[in-house]
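So the chains spell out like this:
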Amino acid sequence: MAPSFDWWAKETRRGTPVVVKMENPNNWSMVELEGPTDDDFLLGSGHGSARDKARNKNAKQLTWVLLLRAHRAAGCLTSLGAAMVGLAAAVRRRLASGRTDADGDIDSVRGGENLTVRTRVYSCIKVFLWLSVLLLGFELTAYFKGWHFGATNLQFQYLSALANPVNVKGLFASLYSTWVLIRVEYLAPPLQFLTNVCILLFLVQSIDRLILCLGCFWIRFKKIKPVPKHGAVDLESGEGGFFPMVLVQIPMCNEKEVYQQSIAAVCNLDWPKSKLLIQVLDDSDDPVIQMLIKEEVYRWQQQGANIVYRHRVIRQGYKAGNLKSAMNCSYVKDYEFVTIFDADFQPATDFLKRTIPHFKDNDELGLVQARWSFVNKDENLLTRLQNINLAFHFEVEQQVNGVFLNFFGFNGTAGVWRIKALEESGGWLERTTVEDMDIAVRAHLNGWKFIFLNDVECQCELPESYEAYRKQQHRWHSGPMQLFRLCLPDIIRSKMSIWKKCNLIFLFFLLRKLILPFYSFTLFCIILPMTMFIPEAELPVWVVCYVPATMSFLNILPAPKSFPFIVPYLLFENTMSVTKFNAMISGLFQLGSAYEWVVTKKSGRSSEADLMALVEKEPKHHQRGSSLSDLDDMREDLKQQEKKASQKKKHNRIYRKELALAFLLLTASARSLLSAQGIHFYFLLFQGVSFLLVGLDLIGEQVE
C-alpha cells in the first residue's frame with residue numbers, strides 16, 4: 001500500500017479548488033475555491049442534494065476554466081501566426097529588394113580596394129557549402145541502400161572488408177567504400193587533430209573567463225573600489241581645493257543626430273568655468289552640418305561656456321588625426337588633463353568631480369576610465385544582446401584588470417588622460433583603427449597606471465542596425481591585430497617585468513583578440529559541420545553544449561535582467577564569429593579592409609531624465625541678424641535631404657556570408673539525423689536558423 005503524505009498538511013482538501021471571476025471574455029481571473037468538506041461525503045438525503053449541487057457547480061467552473069484557457073491558447077496561436085506572416089513578408093521584401101552586402105563591396109572597389117581580397121572568406125564558405133550539399137546527397141543515397149556506418153561501429157574488420165574488392169559489388173558500393181576508406185585514412189586524422197587543438201584553445205579561453213569572473217566576485221565580496229586619496233571634490237562648498245585645468249574634446253564627423261545633446265551635456269559639466277575649455281573637433285564634410293554645429297557652439301558661447309569650434313582642412317587619420325591636430329594647439333600647454341567624449345556620449349554633470357580627484361597626489365596615474373551605460377539597450381533584440389557583451393566587458397574585464405593589473409584597454413571615450421602621459425607615450429598615432437588601444441599600450445609600456453571606475457557611468461548609444469554593428473565589430477577586431485604586429489617588438493624590448501609582458505602578449509592580445517574569434521568560427525562553423533560528414537572525427541557533446549552554456553551563463557551574470565535571452569545570446573555570439581574572424585585575419589595580414597573606418601550610425605536617443613535636465617539648463621536662442629533665418633532654412637533643407645536619403649539609402653540588406661553559413665549548418669544538421677546525433681542536430685539546427693535570421697537582416701532595426 002502506498003504511504004500517505006497527509007501528515008505534513010493541517011487540512012485535507014478535496015474537489016476542484018478553482019473559481020472564475022469574469023467581466024468579459026478577455027478580462028478574467030482565477031482564485032482559490034474552498035473544496036468540499038468531509039460533511040459533503042456523509043450519507044443521507046439532505047447531504048446528498050447539497051453534494052450533487054456542489055459537484056455540478058465545480059464541473060461548470062472547470063468547464064469555464066478549460067474554455068478560457070483554450071481561448072487564450074487560440075489567441076497565442078493567432079499571435080504566433082501573425083508573427084510568422086510578418087516574418088515571411090519581411091523575408092519576401094528582403095529578397096525582392098535584392099540589396100546585399102555586395103553593394104558595399106562594389107563601393108569599396110570604386111574606392112580602390114581589391115574585391116578578391118574582400119570576398120575571400122565568402123568564397124571559401126561557398127566551397128564548403130557546395131561540398132556539403134554534394135556529400136549530403138551521397139550520404140542519403142548510401143543510407144537508403146543500407147550503408148549505416150558511424151564512428152563507433154567502423155572497426156578494423158569492416159575496414160578490411162571494404163578494402164577487399166570481392167566483398168564490394170556494384171559501382172555505387174565501390175564508390176562509397178572508397179569514400180569511407182579515404183575518410184578514415186586521410187581526412188579524419190587531420191580533422192581530429194584540428195578539432196583537438198580548437199578544443200584546447202576553447203578550454204584555455206574558458207578558464208581565463210572563469211578566472212575573470214572569480215576576480216569580479218572577489219572585488220564585490222571584499223567591496224574593493226578605487227578611492228581618491230583626499231576624498232571627492234565638493235564644488236559647491238569649495239572644499240577639496242583640487243581644480244586643475246581640464247581640456248574636454250568632442251570629436252565628431254557628420255554626427256547630425258547627436259551633436260546638440262553631446263555639446264549640451266559637456267557644457268553643463270560642474271567645473272569652474274575658468275578651469276575648463278571645450279573643443280568641438282568637427283571633421284564633417286557636409287557644409288550644412290558644419291554650419292549647424294558652429295551655430296550650436298556659438299549659442300553656448302553666448303551663455304558663457306568656454307567652448308571653441310575646430311574644423312580640419314586636411315582630414316587625415318580619422319579620429320586619431322583629429323585628436324592629434326587638436327593637441328597641437330598652442331593653448332593646450334596650459335592644461336593638465338584632457339577628457340574625451342564621442343559625439344553620442346552624455347556625461348553627468350558631476351563627471352569631472354568624480355574622476356579628476358583620483359589624480360591628486362598620484363603622479364603614476366595616467367588614465368581614469370568611466371563605464372558606459374546605454375539609453376537604447378531595450379530598443380530591439382540586437383541592442384539587448386550587445387548590452388550583455390558590454391556589461392561583461394566593463395563589469396568583469398575592465399574592472400578586474402584595473403584592480404589587479406592597473407592596465408586595460410582605453411575605450412576611446414568617457415576617460416580622463418593626464419596630458420603628460422599622452423606626450424611621453426608619443427601622442428595620438430594614425431597607424432591603426434584602434435588609436436585608443438594603441439595609446440593605452442604605449443602608456444603601459446612607459447609605466448603609467450590606469451584606474452577603472454565601475455560606479456561612474458556615461459550614457460551613450462548602441463548601434464540599432466546590424467549593418468552598423470557589423471562594421472563597428474570589424475573595426476574593433478581588425479585594429480588589435482594591426483596593433484599587435486606593430487607593438488610586439490616594443491613589448492619585447494620594454495623594461496617591464498616578464499609577468500607583465502606575458503600578460504600583454506598572451507592574454508591581452510593573443511588569447512582575447514586572436515584565439516577567441518579563431519576557435520569560435522573554426523570550431524562551431526567549420527569543424528562541427530565537417531564532423532557530420534566525416535563522423536570518424538568526433539566533437540564531444542560537452543564541447544557543443546555544456547561548456548558554451550556555462551560560459552554564456554557567466555557572461556550574462558553582469559546583466560541579470562537579460563537571462564531570458566541567454567539562448568539567443570549564445571547563438572548570436574557564434575553568428576558574429578564570422579565577422580570577427582574575417583576582421584582578425586584582415587588585421588593580422590594587412591588585407592584591404594583592415595584600414596576601413598566607418599562612423600557608427602547614431603539615432604540621437606536620450607534618456608527621459610537627461611532630456612528634462614537639459615530642458616532646465618537649455619540656453620535661449622540669441623538673434624544674430626539674418627543668420628538665424630538662414631540657419632532655419634538650412635535645417636529645413638537638411639530635413640528634406642534626410643527624407644530623400646532615407647528613401648534611397650536606408651534599407652536592410654542580405655548578408656551573403658551569414659546566409660551561406662546558414663545553409664551549410666542546416667545541411668550538416670540534416671546529415672546528423674542519419675547518425676542520430678541528438679544534441680549535435682539541435683545545435684546545428686538552431687545555429688543555422690540564427691545565421692539565417694542574421695543573414696536576412698531580421699535581428700536589428702527594420703526599415704519599411
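Below is a short write-up of the structure. Note that the coordinates shown come from a computational prediction; the quantities given were computed from them, not determined experimentally. (Residues numbered from 1 in each chain as written. Predicted model: local features only at pLDDT ≥ 70, side-chain atom pairs only at ≥ 80, totals over all residues. Heavy atoms only, no water.)

What you see with strand S6 (residues 337–340) is no split at all: Phe 337 and Thr 339 on one side and Val 338 and Ile 340 on the other are buried throughout. Of the strand pairs in this sheet, strand S3 (residues 246–252) and S6 are connected by four bridges, and their pairing is parallel. Counterpart to Val 248 in the pairing with S6 is Thr 339. Of the pairings in the sheet, the one linking S6 to strand S9 (residues 415–418) comprises four bridges and is antiparallel in character. When the bridges of S9 are listed, Thr 339 appears paired with Val 416. (Buried < 20%, exposed > 50% of the residue type's maximum accessible area, 1.4 Å probe, protein only. Helix = DSSP H or I, 4+ residues; strand = E, 2+ residues; numbered from the N terminus. Pairing = 2+ DSSP bridges.)

Attention now moves to the environment of Phe 691. By the element assignment, Phe 691 lies in helix H21 (residues 678–695). The buried category is assigned to Phe 691, whose relative accessible area is 0%. In sequence terms Phe 691 and Leu 665 are 26 residues apart; their C-alpha atoms lie 8.7 Å from each other. If near-sequence neighbours (up to four positions away) are discounted, Phe 691 is found in contact with Cys 525, Asn 574, Thr 575, Val 578, Glu 658, Leu 661, Ala 662 and Leu 665. (Contact = heavy atoms within 4.5 Å.)

This part is about the sheet that holds strand S8 (residues 365–374). Taken in spatial order, the eight strands line up as S5-S4-S3-S6-S9-S8-S10-S7 in an open sheet, and their pairing is mixed. If you trace the sheet from one side to the other, it starts and ends with strand S5 (307–311) and strand S7 (346–347), each paired once. Sheet topology note: the S3/strand S4 (residues 276–282) ladder contains seven bridges and is parallel. What sits directly across from Val 246, in S4, is Leu 276. Against the sheet, helix H8 (residues 287–302) touches S3, S4 and S5, its axis set at about 160° to S5. (Axes fitted to C-alpha atoms, helices over the stretch in contact; angles between N-to-C directions.)

In this section: the environment of Arg 209. Here Arg 209 lies in helix H6 (residues 171–222). Taking the C-alpha atoms as reference, Arg 209 lies 8.7 Å from Glu 397; in sequence the two are 188 residues apart. Beyond its immediate sequence surroundings of up to four residues, Arg 209 is in contact with Phe 392, Glu 397, Leu 516, Met 551 and Asn 555.

Attention now goes to the packing of aromatic side chains. For the structure on display, the rule yields 28 aromatic pairs. Here Trp 372 and Phe 394 contribute two aromatic rings whose centre-to-centre distance is 5.3 Å and whose plane-to-plane angle is 50°, an arrangement assigned as tilted. Placement of the pair is Trp 372 in strand S8 and Phe 394 in helix H11 (residues 381–404), with a sequence separation of 22 residues. Judged by relative accessible area, Trp 372 falls into the buried class, the value being 11%. With relative accessibility at 1%, the residue Phe 394 sits in the buried group. Measuring from ring centre to ring centre gives 6.1 Å for Tyr 469 and Phe 572, while their planes differ by 25°; the resulting arrangement is stacked. Taken together, the residues span a long stretch of sequence, with Tyr 469 in helix H14 (residues 466–493) and Phe 572 in helix H17 (residues 566–588) at a distance of 103 residues. (Phe/Tyr/Trp six-rings, centres within 6.5 Å; stacked < 30°, edge-to-face > 60°.)

Another point: H14. Its 28 residues place the ends of H14 41 Å apart at the C-alpha level, agreeing with the 40 Å of an ideal helix rising 1.5 Å per residue. The largest bend along H14 measures about 45° and falls at Cys 487, with the proline Pro 489 one to four residues further on. (Expected span 1.5 Å × (residues − 1). Bend = angle between axes of the 7 residues up to and from the residue.)

Following both chains from N to C, one finds H6 and helix H15 (residues 498–533) inclined at 145°, their axes separated by 9 Å at the closest point. For the crossing formed where H6 meets H15, the hand is left-handed. By residue class, the composition of the contact of H6 with H15 is 20 nonpolar, four polar and four charged. (Left-handed = near helix turned anticlockwise from the far one by under 90°. Nonpolar A, V, L, I, M, F, W, Y, C, P; charged D, E, K, R; others polar.)

This part covers the nonpolar core. The biggest cluster of nonpolar side chains holds 86 residues, and the ones touching the most others in it are Ile 263, Ile 307, Trp 417, Val 441, Phe 450, Leu 504 and Phe 509. Other than its neighbours up to four places away in sequence, Trp 417 contacts Glu 336, Phe 337, Val 338, Gly 366, Leu 367, Phe 410, Leu 422, Ile 439, Ala 440, Ala 443 and Phe 450. Judged by nonpolar contacts, the second largest core, of 59 residues, contains Ile 125, Leu 514, Leu 664 and Leu 665. (Core = buried A, V, L, I, M, F, W, Y, C linked by side-chain atoms within 4.5 Å.)

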